[in-house]
Amino acid sequence: MTQDELKKQVAAAAIEYVKGLPIIGVGTGSTVNFFIEMLADIKGDIEGALSSSEATTQRLKNIGIPVLDLNSVDSVEVYVDGADEVDPNKKLVKGGGGALTREKIIAAASKKFVCIVDESKCVDVLGKFPLPVEVIPMARGYVAREMEKLGGRPVWREDYFTDNGNEILDVHDMQITDPMEMERIINDITGVVTNGLFAHRDADVVLIGKGDTVETVA
């Protein structure tokens with residue numbers, strides 16, 4: 001199967017987790033885009049969705065699903081999103097698409113986080129994919145120097161701004177053996193909005209497209 005076929009396969013599997021739910025959370029990325037297309041078939045049962053990015057908001061509106069403000073919602077049963085890396089303990093690296101902060105907020109507010117990936121995203125140790133760190137623009141240089149102290153090689157994502165108006169450092173050469181501790185350390189750096197480690201609030205379920213099957217890790 002091609003990578004797109006694997007993505008469609010796990011997107012279809014994720015639809016089963018949101019059937020019958022009036023309000024859902026929807027992430028950002030190429031795999032999630034297939035999931036959004038499939039939501040069109042059940043949109044009549046969906047009162048509204050929480051969106052992690054402006055791009056996802058537009059896609060949801062295009063198929064007729066209202067997008068809600070998290071402040072107006074009491075609870076979210078399920079949040080579906082992809083990942084750039086997944087380790088065997090369901091810890092994730094996210095943020096390649098730049099939506100990490102909103103993704104982390106919705107994941108935190110949701111009762112269940114379903115992560116959908118193809119098998120190319122599975123790793124033994126996180127860090128091969130550059131770790132995105134969203135920073136307040138004036139703090140970019142300072143945060144970059146702090147990331148170097150942690151053994152990383154930060155690269156400014158030039159001419160890019162997040163939906164929150166901030167900048168991103170993509171930190172290369174990290175081997176993240178303790179994702180929970182590293183997430184905390186980076187978030188404690190002044191000027192960091194958040195980083196792309198989803199370790200404290202990791203996935204509850206990971207659906208992995210492998211060949212002709214979808215493996216469920218729960």
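Okay, so let's go over this structure. All figures in this text were calculated on a predicted structure; none of them were measured in a lab. (Residues numbered from 1 in each chain as written. Predicted model: local features only at pLDDT ≥ 70, side-chain atom pairs only at ≥ 80, totals over all residues. Heavy atoms only, no water.)

1. Observations concerning unusual backbone geometry
The cut-off we apply is this: Numbering of helices and strands runs from the N terminus; a helix is a DSSP stretch of H or I covering at least four residues, while a strand is a stretch of E covering at least two. Buried means the residue's accessible area, taken with a 1.4 Å probe over protein chains only, is under 20% of the maximum for its type, while exposed means over 50%, and partly exposed covers the values in between.
Non-glycine residue Asp159 carries a positive phi angle of around 60°. With respect to the element layout, Asp159 can be found in the loop between strand 8 (153-156) and strand 9 (167-172). Overall, the relative accessible area of 74% leaves Asp159 in the exposed class. Positive phi, normally seen in glycine, also occurs at Asp173, with a value near 65°. Looking at the element boundaries, Asp173 is found in the loop between strand 9 and helix 6 (179-187).

2. Things to note about helix 3 (residues 54-62)
In plain terms, the rule: By definition, the arc is the one covered by directions from the helix axis to the C-beta atoms. What makes two residues a contact is simply this: any of their non-hydrogen atoms within 4.5 Å.
Buried within helix 3 are the following residues: Thr56, Thr57 and Leu60. Looking straight down helix 3, one finds that the buried residues subtend no more than 105° of arc, so they occupy a single side. On its buried face, helix 3 is in contact with strand 1 (23-26), helix 2 (30-39) and strand 2 (48-51).

3. So, the nonpolar core
Note the threshold: The definition of a nonpolar core used throughout is a set of buried Ala, Val, Leu, Ile, Met, Phe, Trp, Tyr and Cys residues joined through side-chain atoms within 4.5 Å.
In terms of nonpolar packing, the biggest core is built from 25 residues, with Val18, Ile24, Val26, Phe35, Leu39, Val80 and Ile116 touching the most fellow members. Taken together, the elements giving at least two residues each to this core come down to helix 1 (3-18), strand 1, helix 2, strand 3 (76-81), strand 6 (110-118) and strand 12 (205-210). Beyond its immediate stretch of four places on either side in the chain, Ile24 contacts Val18, Leu39, Ile46, Gly48, Ala49, Leu50, Val76 and Val78. Of all hydrophobic cores here, the second largest spans 19 residues; its members include Val133, Val135, Met182 and Leu197.

4. Here's the deal with the packing of aromatic side chains
The following threshold applies: Only rings of Phe, Tyr and Trp enter the pairing, Trp through its six-membered ring, and a pair is recorded when the two centres are within 6.5 Å. The plane angle decides the type: under 30 degrees is stacked, over 60 is edge-to-face, the rest tilted. In our convention, an over-ring charge means Lys NZ or Arg CZ found within 6 Å of a ring centre and within 35 degrees of that ring's normal.
Taken as a whole and judged by the stated rule, the model has two aromatic pairs. An aromatic cluster of at least three residues, connected via ring pairs, comprises Tyr79, Phe113 and Phe198. Of note, Arg140 hangs over the ring of Trp156, and the distance from its end group to the ring centre comes to 3.7 Å. Over the ring of Tyr160 we find Arg157, and its NZ or CZ is 5.2 Å from the ring centre.

5. Section: the side chain of Lys121
Rule in force here: None of His or the chain ends enter the tally, which takes Lys and Arg as positive and Asp and Glu as negative. We define a salt bridge as a side-chain nitrogen of Lys or Arg found within 4 Å of a carboxyl oxygen belonging to Asp or Glu.
Considering the arrangement of structural elements, one finds Lys121 in the loop between strand 6 and strand 7 (131-135). One buried charged residue, Lys121, remains without a salt bridge, the closest side chain of opposite sign being Asp118 at 4.3 Å. Residues within four places of Lys121 in sequence aside, it is in contact with Ala83, Asp84, Glu85 and Val86.

6. Re the state of the cysteines
Where we set the bar: Pairs of cysteine sulfur atoms within 2.5 Å are identified as disulfides in what follows.
This structure, assessed with the given rule, holds zero disulfides. As a non-bridged cysteine, Cys115 has Cys122 as the owner of its nearest cysteine sulfur, 8.8 Å distant. Overall, Cys122 belongs to the partly exposed group, its relative accessible area being 30%.

7. Here's the deal with the packing of helix 2 against helix 3
For the record, the criterion: Axis definition: a line fit to C-alpha positions, over the contact stretch in the case of helices; interaxial angles, taken between N-to-C directions, run 0 to 180 degrees. Working definition: roughly parallel below 35 degrees, roughly antiparallel above 145 degrees, roughly perpendicular at 65 to 115 degrees, and oblique for all remaining angles. Should the near helix be turned counterclockwise from the far one by less than a right angle, the crossing is left-handed, whereas a clockwise turn marks it as right-handed.
Where helix 2 meets helix 3, the axes come as close as 9 Å, and the angle between the chain directions of the two elements is 20°. Judged on the interaxial angle alone, helix 3 and helix 2 are roughly parallel. The way helix 2 lies across helix 3 gives a crossing that is right-handed. Seen from helix 2, the contacting residues are Asn33, Ile36 and Leu39; seen from helix 3, they are Thr56, Arg59 and Leu60.

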